[in-house]
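Per-entry structural report
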Amino acid sequence: MRSFAREMKRGEEDQVNQLLRATFGGTAEAQLVRKLRKSRMIAGETVLPFEEKIIGYYALSHFVKPKNWLCLAPVAIHPDHQRQGHGKRVMGILTEWARLTKTPVVVLGEPDFYRKAGFSVAHAAQLRSPYPIENTMLAGVDAPVAAQDLGYSPAFDGI
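Residues numbered from 1 in each chain as written. Predicted model: local features only at pLDDT ≥ 70, side-chain atom pairs only at ≥ 80, totals over all residues. Heavy atoms only, no water.

1. Here we look at the overall build of the protein chain
Looking only at helices and strands, the protein chain has four helices and eight strands in total. Reading the protein chain from its N terminus to its C terminus gives the helix and strand order β-α-α-β-β-β-α-β-α-β-β-β. Expressed along its principal axes, the backbone C-alpha trace of the protein chain runs to roughly 45 × 30 × 25 Å. When each of the 159 residues of the protein chain is scored for burial, the buried share is 47%. Just so you have it, the protein chain exposes about 8,900 Å², and 51% of that area is on carbon and sulfur atoms. (Helix = DSSP H or I, 4+ residues; strand = E, 2+ residues; numbered from the N terminus. Buried < 20%, exposed > 50% of the residue type's maximum accessible area, 1.4 Å probe, protein only. Areas by Shrake-Rupley, 256 points an atom, 1.4 Å probe, with all protein chains shown as cover.)

In structure tokens:
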């Protein structure tokens, strides 16, 4: 049975926190999301429900700079449901939305996975980031972007 990603509903925060802890084996990602929510930097939260449970999640947050750019983090698929195409499918939908709306979306992660979903390492190569640029990818743009600094939300400090 295929499930469809949708916007997270009020009251699902605890399920998302449990999913993040199960996926990452700790509390750092759940704390990040809590800080992003508290600071009102969250642009959107998407969940993937399956049989009354949330098995997937991703958050989009606003960058401090450049304006109107979004940061994708964290992305989680429950360990019992990984390697079944769920992550690639929801990331593909997100990157298509970014392409159609021309909204730059930056992710820091495993290039092999995110490249298959429509992100580009080459398009992000000139960006300056406090995180490894070789793991920084960009969707929503048609070509490499000019050199500029990525200003993440203060919620990311210490991560």
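2. A short note on the pairing of strand β5 (residues 105–108)
Relative to β5, strand β4 (residues 70–77) runs parallel, the two sharing three bridges. Paired with Leu70 across the strands is Val105, a residue of β5. Between the parallel pair β4 and β5, the chain is carried across by helix α3 (residues 86–101), and the sense of this crossover is right-handed. (Pairing = 2+ DSSP bridges. Right-handed = clockwise from strand over helix to strand, strands pointing away.)

3. Some points on the packing of aromatic side chains
Counting across every chain of the model gives five aromatic pairs. Geometrically, the ring pair formed by Tyr131 and Tyr152 is edge-to-face, given 5.0 Å between the ring centres and 85° between the ring planes. Taken together, the positions of Tyr131 in the loop between β6 (127–128) and β7 (136–139) and Tyr152 in the segment after β8 (148–149) put the pair 21 residues apart, joining distant regions of the chain. Just as Tyr131 is buried, Tyr152 falls in that class too. (Phe/Tyr/Trp six-rings, centres within 6.5 Å; stacked < 30°, edge-to-face > 60°.)

4. Things to note about unusual backbone geometry
Going from Lys65 to Pro66, the amide bond is cis rather than trans, its omega being -5°. As for its placement among the helices and strands, Pro66 is situated in the loop between β3 (53–62) and β4. The omega angle of the peptide bond from Ala73 to Pro74 is -10°, so this bond is cis rather than trans. Topologically, Pro74 is positioned in strand β4. Backbone geometry at Glu52 places phi at a positive 70°, although glycine is not the residue there. Looking at Glu52, the relative accessible area reads 79%, which means it is exposed. Here the phi dihedral of Asn68 falls at roughly 70°; this positive angle occurs in a residue that is not glycine. A relative accessible area of 67% places Asn68 in the exposed class.

Read these as spatial facts, not as claims about activity.
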